[in-house]
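Here's the letter readout for the chains.
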Amino acid sequence: MFDPTGLVGLMPHVVPDRYLHEMVAVGSGTTLRWLRGAFGGNATYEELIAATDKVGPGSDGLLCFPYIEGASVPVQDDHVRAVFHGISGHHGLPHFVRSTLEGIAYQYPALLTALTDRGLRVTSLTISDGEARSTTWNQIKADVLGHSLIPALRVEAPSIGAAILAGIGSGVFATAREGVDAVVDVNPPIQPTPEGYHTYQDLRLHWERTRDQVFPQLAGHTVSPH
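Residues numbered from 1 in each chain as written. Predicted model: local features only at pLDDT ≥ 70, side-chain atom pairs only at ≥ 80, totals over all residues. Heavy atoms only, no water.

### Observations regarding the packing of aromatic side chains
According to the stated counting rule, one finds nine aromatic pairs in the structure shown. Their ring planes at 25° and their centres at 5.1 Å tell us that Phe 65 and Trp 207 sit as a pair that is stacked. Placement of the pair is Phe 65 in strand E3 (residues 63-65) and Trp 207 in helix H8 (residues 194-214), with a sequence separation of 142 residues. On the basis of relative accessible area, Trp 207 is assigned to the buried category, the value being 1%. Ring pairs connect the aromatic residues Phe 65, Tyr 67, Tyr 106, Tyr 200, Trp 207 and Phe 215, which therefore count as one cluster. In this structure, Arg 36 is placed above the aromatic ring of Tyr 45, and the distance from its NZ or CZ to the ring centre is 4.5 Å. (Phe/Tyr/Trp six-rings, centres within 6.5 Å; stacked < 30°, edge-to-face > 60°. Helix = DSSP H or I, 4+ residues; strand = E, 2+ residues; numbered from the N terminus. Buried < 20%, exposed > 50% of the residue type's maximum accessible area, 1.4 Å probe, protein only. Lys NZ or Arg CZ within 6 Å of the ring centre and 35° of its normal.)

Structure follows, in structure tokens:
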């Protein structure tokens, strides 16, 4: 389905007679990488995220708007830049890390709503690449979305896709489906919790209202929760 607004991209799939819709929320992994490089010392991503277990949903009032490369969803503005909002004296590095995880997750519902509003049917959500490695982060996303997430077992999706195509080209696989069945495995789904979903609905609305005050040029594009 072609979207004349350009928000939802449409392009040919590598599989014949199939197509791919694509949207991009920029600055997701980049924002976390910047935070780790600037303030994480020698800590790994796993260590930084593990330290957030003692920080509750909402990061004690600290909000992150992860526009380190500009904003793209639900409206594109290449000129805005990231902001931490509501910093208090009791906030430490774990609060900044969790608020970053939450701020990125708060962008996901707008992506999903953009698809469903255009009549596209979403049956399952699979997550891969770097963001798929963290159970804590995946649970936050599932709770924010109110939808189960299926993490890839081997998260390096581009490399796996390239291997499948190489297998087709060399005759190891007769079809893309055969290659997918042979090499793609997933972990058990991560289910949203009723309490987490209810909590994050209120927190996301607060994040969106604050975003529209901090970035007035983005106002009017808030996607209300279902």
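After presenting the structure, the write-up continues.
### Details of the pairing of strand E1 (residues 9-12)
A regular strand carries its side chains on alternate faces of the sheet. Here E1 runs beside strand E2 (residues 19-22); their pairing, made up of four bridges, is antiparallel. The partner of Leu 10 across the bridge, within E2, is His 21. (Pairing = 2+ DSSP bridges.)

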